[in-house]
Amino acid sequence: MATTSFESLAAGVAETLDLPDLRIVAVEHPLGGIDEAAVIGRAEEAVEPTLRLLTGS
Amino acid sequence: MRVYAPVGAVAPAAISRAVTEPTLAGKRIGILDNSKPNAGLLLRRLAESLAARTGATVGPVERKNAALPAPDDLLARLAEAEVVLTGSAD
Amino acid sequence: MASRADYDVYHHRISCSELRPVPFGLDPPPIRIVGQTDPIGSRLEGMANPLEMLDLTSDDPEAVRDCYAERGWGDGLPLVAPTPERVDAMLAGCRDDPDESVAVLPPRSGVATRRVIAVNAVLAGCRPEHLPVLVAAVQALARPEINLRGVNATTHPVAPLLVVHGEIVQTAGYNPGLGAFGPGNVANAATGRALRLILLHVAGAVPGAGDASTQGGPAKYTYCVAENLAESPWGGYAASVGVAAASAVTVHCGEAPHNFHDMESTDPAAILDKAASAMTSLGSNNAPVSSGEFFVMLCPEHAAACDGAGWTRDRVASYLHERAQMRVGDLRAAFALRAWAPWQEALDDDAMMSVTEHRGNIKIIVVGGPGKHSSVIPSWGMTRSATVPVEV
């Protein structure tokens, strides 16, 4: 998982590790400094994209 | 005129991506918390929601400093899971 | 369901002692750097290792800069064209196979051969006598205790400081005296720049792609200095850490220098209290780390004042270890995420704690010319310095 601001960096590092198809889910940046409800909201928003990446459906 | 490119070769990587699981039912969702602020909570809640939705279970749950490589024993524990969620950067 | 309370405080129990220094020549500690292949390059045996060549219409430094920039290469400044003739000249004194791997550098897992190092040396404006220093610096960078993957990946503006020691300072024209940190000296400027180009090109530490530093920093252009051995009352730094070689380099991944001055006193305690003050900043990345290193770059006059009072290098480090203390409660209030040893977590809030666990983490090197300004260079935190011999 990465936040939106670091998504390209994560993809770039995955590329350098010869894992161009590494499954990356991005949540809204920032993650630091937000309250608990906001963190949980981001987690819930990530469920569907994560499921699609993990199972292809 | 000819000049050299400055980057050189890349050493072969010794890692590969895990296969896609057609379903998560009965699978284990591991967590590698990189200890950045709110990362643990985000990963845990995501894993719990995925487990509730699909019939997977959560665990192993591991934690490490984001700035250091993961010890071999930690990676060995995580390798027991079919899926691992982890964070990158801040 | 998990809640924030489960994560309010995280104490990473593993301190920097996991990155314990290893005497040169011995096996590295059993810490596997994920993704890093054999640094000696045994995987490359039998592989052809050609370097890509490009066609340019001009060898103007601006043309090279612009051509490279289109490919995401370079540091933004004009570059010396790395023609085969220039690279061969750079390698002229090299006795080893130029296409043998010196190190594999993360995150790109780029293979740094002497030829690739020479290409980047030419780009930076180095002279052939600088190449051995650069090769040693790359060897040092690849040491496990440096944690180069972490150094490149962090949002902190850390840059590897390259300190040159011994005979090669004179023979290759490095500046250990007035203005040692810059600007103006070809050897210091070009060697530091070449090391950064190697990190950009070979290691792939490109801002946004392999280097996440939030603001970057000027030390990421060039960061190379020479030890002023002639004015060091305590002999050379390399020998003090067990590297007995005529020439050596130290790589310390840290912040930009934090200056301190004392123009009034000849009392070592009064002088070093200023250094201790610079070390006890919540703004240093070392602050939440229990075993970070601090390089204290003493100007010759401050070093002479210490020596004049009978203080050895070890006494200076011990004094700083005792004086550079912070209130435990203040550190806890400032940082929920800490890399502390268990005994430190057990301290009361009102206890005072040294900014680093061991006095051996405080390194004293004499640098600079006339005047009474010295500096403290805290490490990034999760890294340890490495000193290696230079093979000339």
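To be clear, the structure that these remarks concern was listed above.
Residues numbered from 1 in each chain as written. Chains lettered and ligands numbered in written order. Predicted model: local features only at pLDDT ≥ 70, side-chain atom pairs only at ≥ 80, totals over all residues.

### Some words on the overall build of chain C
Here is the rule we go by: Going along the chain from the N terminus, every DSSP run of H or I of four or more residues is numbered as a helix, and every run of E of two or more is numbered as a strand. Think of it this way: build a C-beta for each residue from its backbone, and any pair within 7 Å is a contact.
Secondary structure assignment for chain C yields 13 helices and 15 strands. A sequence separation of at least 24 residues applies to 81% of the contacts in chain C between residues at least 6 apart.

### With respect to the pairing of strand S2 (residues 28-33) of chain B
All names here are of chain B. To keep things clear, this is the line we draw: Counting other C-beta atoms within 10 Å of its own, a residue is labelled buried from 20 upward, exposed at 12 or fewer, and partly exposed in the gap between, with every C-beta atom placed from the backbone. Two strands form a pair only when DSSP identifies at least two bridges running between them. Note on handedness: a clockwise path from strand one over the helix to strand two, with the strands aimed away from the viewer, defines a right-handed crossover.
With five of six residues buried, S2 lies mostly within the body of the structure. Looking at chain direction, S2 and strand S3 (residues 57-63) are connected through five bridges and run parallel. Residue pairing for S3: arginine 28 is matched across the bridge by threonine 57. For the segment spanning S2, helix H1 (residues 39-54) and S3, crossover handedness is right-handed. With four bridges joining them, S2 and strand S4 (residues 83-86) adopt parallel strand pairing. Within the sheet, the bridge partner assigned to isoleucine 29 lies in S4 and is valine 83.

### As for the interface of chain B and chain C
What counts, and what does not: Asp, Glu, Lys and Arg are counted as charged, while Ala, Val, Leu, Ile, Met, Phe, Trp, Tyr, Cys and Pro are counted as nonpolar; the rest, among them Gly, fall into the polar class.
Counting from both sides, the interface comprises 29 residues of chain B and, opposite them, 55 residues of chain C. Mapped onto the side of chain B that touches chain C, the elements with two or more residues apiece are strand S1 (2-4) and H1 of chain B. With five residues, the top contributor of residues to the side of chain B that touches chain C is H1(B). Considering only residue class, the side of chain B that touches chain C consists of 19 nonpolar, four polar and six charged.

### Quick look at the packing of helix H4 (residues 131-141) of chain C against helix H7 (residues 186-201) of chain C
Geometrically, a packed helix pair is captured by the angle between its two axes and the distance between the axes. Residue and element names in this part refer to chain C. Our working rule: Axes here refer to lines fitted to C-alpha atoms; in helices the fit is confined to the stretch in contact. Angles between the N-to-C directions go from 0 to 180 degrees. Orientation is classified from the angle alone, with under 35 degrees giving roughly parallel, over 145 giving roughly antiparallel, 65 to 115 giving roughly perpendicular, and any other angle giving oblique. Each crossing gets its hand from how the near helix is turned against the far one by less than a right angle, where anticlockwise is left-handed and clockwise is right-handed.
At a minimum axis distance of 10 Å, the contact between H4 and H7 shows a crossing angle of 45°. Between H4 and H7, the angle falls in the class oblique. When you trace H4 past H7, the crossing you get is right-handed. Note on element contacts: H7 touches H4 through Thr191, Ala194, Leu195 and Ile198, opposite Val133, Leu134, Ala137 and Val138. Considering only residue class, the contact of H4 with H7 consists of seven nonpolar, one polar and no charged.

### Quick word on the interface of chain A and chain C
Contacts between the two partners involve eight residues from chain A and, on the opposite side, 11 residues from chain C. Per element, the largest residue contribution to the side of chain A that touches chain C is five residues, and it comes from helix H1 (residues 7-16) of chain A. Residues belonging to the side of chain A that touches chain C are distributed by class as follows: four nonpolar, three polar and one charged.

### Here's the deal with the sheet that holds strand S14 (residues 373-378) of chain C
Residues and elements named next belong to chain C. Strands sit in the order S8-S14-S9-S13 across an open sheet of four strands; the sheet is mixed. Strands at the two margins of the open sheet, each flanked by one partner only, are strand S8 (258-261) and strand S13 (362-366). Each adjacent strand pair in this sheet contributes to an overall mean axis angle of 25°, direction not counted.

### Some points on the nonpolar core
Put simply, the rule reads: Here a nonpolar core is just a set of buried residues of the types Ala, Val, Leu, Ile, Met, Phe, Trp, Tyr and Cys, joined wherever their C-beta atoms sit within 7 Å.
Membership of the largest hydrophobic core comes to 116 residues, with the highest contact counts inside it found for Ile117(C), Leu134(C), Ala137(C), Val138(C), Val249(C) and Leu320(C). Counting residues per element, this core draws most heavily on H4(C), which supplies nine residues. Filtering out sequence-adjacent residues up to four positions away, Ala137(C) remains in contact with Leu162(C), Leu195(C), Val249(C) and Val251(C). Among the nonpolar cores identified, the runner-up in size contains 35 residues, and Ala46(A), Leu54(A), Leu32(B) and Leu43(B) belong to it.

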